[in-house]
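The chain contents come next:
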Amino acid sequence: MKNTLKTMGISYDWNREISTCSPEYYKWTQWMFLQLYQKGLAYKKKAVVNWCPSCATVLANEQVVNGKCERCGTEVIKKELSQWFFKITDYAQQLLDDMNLLEEWPERVLTMQRNWIGRSEGARVRFSIAESNETVSVFTTRPDTLFGVTFFVLSPEHPMVEKLTKGTSFEEPVRRFKEEIAKENISEKDLAIAEKKGCFIGRYVINPMNLEKVPIWVANYVLMEYGTGMVMAVPAHDQRDLEFARKYHLPVRVVIQPKHKELSNETLQEAYSDEGTMVNSGQFNRLFSSEARRLIIDYLEEKEIGKKEVNYRLRDWLISRQRYWGAPIPIIYCPKCGIVPVPEEDLPVYLPDDVDFKPTGLSPLLSSKKFLYTTCPKCGGKAKREIDTMDTFVCSSWYYLRFCSPHLENKPFEKEELDYWMPVDQYIGGVEHAILHLLYSRFFVKALYDMGYVPFKEPFKRLFTQGMVCKDGAAMSKSKGNVVTPGNIFNQFGVDSTRVMILFASPPEVDMEWSDKGIEGAEKFLNRVWRYVYLSRSIFEETEQSNIQGKAIRKEVKLLERKMHQTIKKVTEDIENRFHFNTAISAIMELLNDLYSYDLKSSQMNRQERIILKNIIEVMIKLLNPIAPHFCEELWHQTGHDVSLYQIQWPQYDQKILQEEEILVIVQINGKLRDKIKVVRNCEEEKVIKLVLGLPKIEKWVRGKKILKTIFVPNKLVNIVLN
RNA sequence: GCCGGGAUGGCGGAAUAGGCAGACGCGCCAGCUUGAGGGGCUGGUGGGCGAAAGCUUGUGGGGGUUCAAAUCCCCCUCCCGGCACCA
């Protein structure tokens, strides 16, 4: 990889190269963990987590794509395990709010992050359970539909289910139902379309608004992980609840009527989830639903039966991995002292080298006795190390900070270096990192900011997302193995032709299907440049004095000079503002085409003209240099220069020469192109119109018609509107 | 279902602030050069009508705004990406 990059002439500063899997680096990853741990942002909990059977490790939510493992594509299953998490949810709101600071990020990525965080506003409402002192709470985004609650649903995994059915005649059937659901084990992907199933549990809750008793069910469509693991069902205004109600013949009660039609409890086919006028809702009747929503929340708060609440879909970041690769989590378990963090001075906790890689489902580190057994830093007694390693996304969440001080030994980074380098001015990466690396890194910087380690809130000022390069319909990636090795193309066509081909194919932000069809064109272009310079080589021979007399510079030379300035402008702007190398290259091609087509014989040029042409050729080489550096460097030396092109200033364009003194003006009749005319720049309206009306083609169209009006856009166009 | 982004010749793409649609390249066709091949050079190349000049049509489809729309607005179709029984 490094060799390929070097071969391609990509100018990284290899002095700053770091390797996240080296102890010098992961020492500081472990240090980060300890800082987060001390702040309460790293914690261990038992939870239902994603497990990839093929990788034999747990995964974070972000690493499960369509129910499959992000790395290997295996269907992910659920397991209950005790694992380490980073409390990214503490930063959910800040991650959303600070998107304002990310003005130069693509909207697409911000949207993806917004979706992922999934903020929803609503209320938490407490319901008491009938014939009991217990209460339960639900989260709802629609407190205005509270009067429409006709049943209550718990997730089958909810601990309350057992509690509420214990010792009743429902205990057995509910248990059987839970087993049935668990057995089905539908994948995450199919969950959305799976049939709704439920079971009444024999108990009731009291609706705090109207004190109605409504039955409690368990059903497979309620997620344990979101909200409180239970929902208040409002079938009239929620499609899922309606489907369930119709299947089990539960009542439906409309509490919001839309403007132009009247909904009926009996015939309702589709839940109405928009706004409307409140009905069947006691003192809130006749209010508009959005208004009622506010007032009901006030009412809930006043009566202390609920409160306004914001819920996020974002889950905490599960960072434990049962893999060898990754920094060991610097934690020691002591039978006396419990969970003890490894003291900073004992870092790094080295990855052992005597491990057995048999996939056991437990971390390979377990097999290293040397690693596992240690002493407790607190009491000195016998203790065991945490055997899981950290998600490698932890390593990559802060590497850009390390780049600022890559070899520092006593600290992860130097404050002065951060001040100088950070935040990153321009970050470039694939869109596939939108909610993985980019979200994690933002979280890290926010946490480090709050701890006073970094003086900025966002790591990356400007983000550019490259399109994905696909092959055989799938994104090219190391893990999928459908990568093109550029070696063969280099050998056959050379590195610079390959660079031209890649850059010319399409602008970098779009996805593209890999094709090397353009390689021959790229090679042809470079050959044409080479040949032109070669044919004009006498220009560069100082000794040869022009014996052509005369000072007049021919029009062709002037035109070429202007074209050169236009090209400088175009190439500079395309590269600087948009990374659009494809159009930059095409501009250079145009310049070259012009050079060929004017066919100036250097032997027939006077001194002035030779100086201009020489400059044009040199500028062309300079402009092409970022695209084909090896080629240009060689040409540069071939044309008699000793200093490397890298030390040469980027060419500047001259605004005055840039502008054409004769402008081609478009002549339209009723908006249709009919003719073109050349006029001097900034020619006044009356003059141009007069000229235009004198054109034979235009005269033909205008004859016998009445001119209703004329549109004049200076230096651009004339449009004559006829009846 | 919701949220983004798209759709322009045979192909990759261009048109950056509403003003020449198809820059540049690939491919293809014809010609020149060459013993041949390769290479190079010249010309042509969205569709229709035409010998040509030219006319006409044309940026996924339909409607609209405008003197003027690939570009702005509304509706629809399809493709890609994200989220998705998220209460």
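See the structure shown above.
Keep in mind the model is a prediction, meaning the values are calculated, not measured.

(A) The overall build of chain A, seen in detail. If you tally the helices and strands in chain A, you get 24 helices and 30 strands. Against the compact-globule benchmark of 27 Å for 723 residues, chain A has a radius of gyration of 35 Å, which places it well outside the compact range. If one aligns the C-alpha atoms of chain A with their principal axes, the spans along those axes are about 115 × 85 × 45 Å. Taking the contacts inside chain A whose residues are at least 6 apart along the sequence as the reference set, 68% of them involve residues at least 24 apart. Of the accessible surface of chain A, which amounts to about 37700 Å², a share of 51% is contributed by carbon and sulfur atoms. In chain A, the 100 positive side-chain charges and the 95 negative ones have mean positions that sit 2 Å from each other.

(B) Region of interest: the state of the cysteines. On inspection of all chains with the given rule, the structure shows zero disulfides. Among the cysteines around Cys-334, which has no disulfide bond, Cys-376 carries the closest sulfur, lying 3.6 Å off. Looking at Cys-334, the relative accessible area reads 6%, which means it is buried.

(C) Examining the sheet that holds strand S17 (residues 331-334) more closely. The sheet built from four strands is open, its strands ordered S18-S17-S20-S19 with antiparallel pairing. Edge strands, defined here as strands with exactly one partner in the open sheet, are strand S18 (338-341) and strand S19 (373-375). Each adjacent strand pair in this sheet contributes to an overall mean axis angle of 40 degrees, direction not counted. The sheet contact formed by S19 and strand S20 (residues 382-385) spans three bridges and is antiparallel. Across the sheet, Thr-374 pairs through a bridge with Ala-383, a residue of S20.

(D) View of unusual backbone geometry. Omega for the bond connecting Leu-347 with Pro-348 falls within 30 degrees of zero, at 0 degrees, which places this linkage in the cis form. Looking at where Pro-348 falls in the secondary structure, it is placed in the loop between S18 and helix H10 (369-372). Positive phi, normally seen in glycine, also occurs at Glu-131, with a value near 55 degrees. In this structure, Glu-131 sits in the loop between strand S6 (120-129) and strand S7 (135-140). With relative accessibility at 67%, the residue Glu-131 sits in the exposed group. Phi is positive for Asn-715, which is not a glycine, with a value near 60 degrees. With respect to the element layout, Asn-715 can be found in the loop between strand S29 (707-713) and strand S30 (717-722).

(E) Representation of helix H8 (residues 239-247) within the structure. Of all the residues in H8, the buried ones are Asp-241, Leu-242, Phe-244 and Ala-245. Seen from one end, H8 has its buried residues packed into an arc of 165 degrees, which puts them on one side. Buried-residue contacts for H8 involve strand S8 (151-154), strand S9 (198-206), strand S10 (213-219) and strand S11 (230-233). In the stretch just after H8, His-249 is the one whose phi turns positive, near 55 degrees.

(F) Representation of the sheet that holds strand S28 (residues 672-680) within the structure. If you trace the four strands from one edge of the open sheet to the other, you get S28-S27-S30-S29, paired in mixed fashion. Only two strands of the sheet have a single partner each, and these edge strands are S28 and S29. Taken pair by pair, the neighbouring strands of this sheet meet at an average axis angle of 20 degrees, ignoring direction. With eight bridges joining them, strand S27 (residues 662-669) and S28 adopt antiparallel strand pairing. Pairing of Glu-662 across the sheet is with Val-680, part of S28.

(G) Looking closely at the packing of aromatic side chains. Summed over the entire model, instances satisfying the criterion amount to 39 aromatic pairs. When the centroid spacing of 5.6 Å and the interplanar angle of 65 degrees are considered together, the rings of Phe-393 and Tyr-440 count as edge-to-face. A residue pair is termed long-range when its members are at least 10 positions apart, and Phe-393 in helix H11 (residues 392-395) and Tyr-440 in helix H14 (residues 437-450) qualify at 47 residues. Of the residues examined, Phe-393 reaches a relative accessible area of 12% and is grouped as buried. Since its relative accessible area comes to 0%, Tyr-440 is described here as buried.

Reading guide: rules and limits
Residues numbered from 1 in each chain as written. Chains lettered and ligands numbered in written order. Predicted model: local features only at pLDDT ≥ 70, side-chain atom pairs only at ≥ 80, totals over all residues. Heavy atoms only, no water. Helix = DSSP H or I, 4+ residues; strand = E, 2+ residues; numbered from the N terminus. Rg over C-alpha atoms; globule rule 2.2 N^0.38 Å. Contact = heavy atoms within 4.5 Å. Areas by Shrake-Rupley, 256 points an atom, 1.4 Å probe, with all protein chains shown as cover. Lys, Arg positive; Asp, Glu negative; His and termini not counted. Charge placed at Lys NZ, Arg CZ, Asp CG, Glu CD. Disulfide = S-S within 2.5 Å. Buried < 20%, exposed > 50% of the residue type's maximum accessible area, 1.4 Å probe, protein only. Pairing = 2+ DSSP bridges. Axes fitted to C-alpha atoms, helices over the stretch in contact; angles between N-to-C directions. Arc of directions from axis to C-beta. Phe/Tyr/Trp six-rings, centres within 6.5 Å; stacked < 30°, edge-to-face > 60°.

These figures come from the coordinates and say nothing about function on their own.
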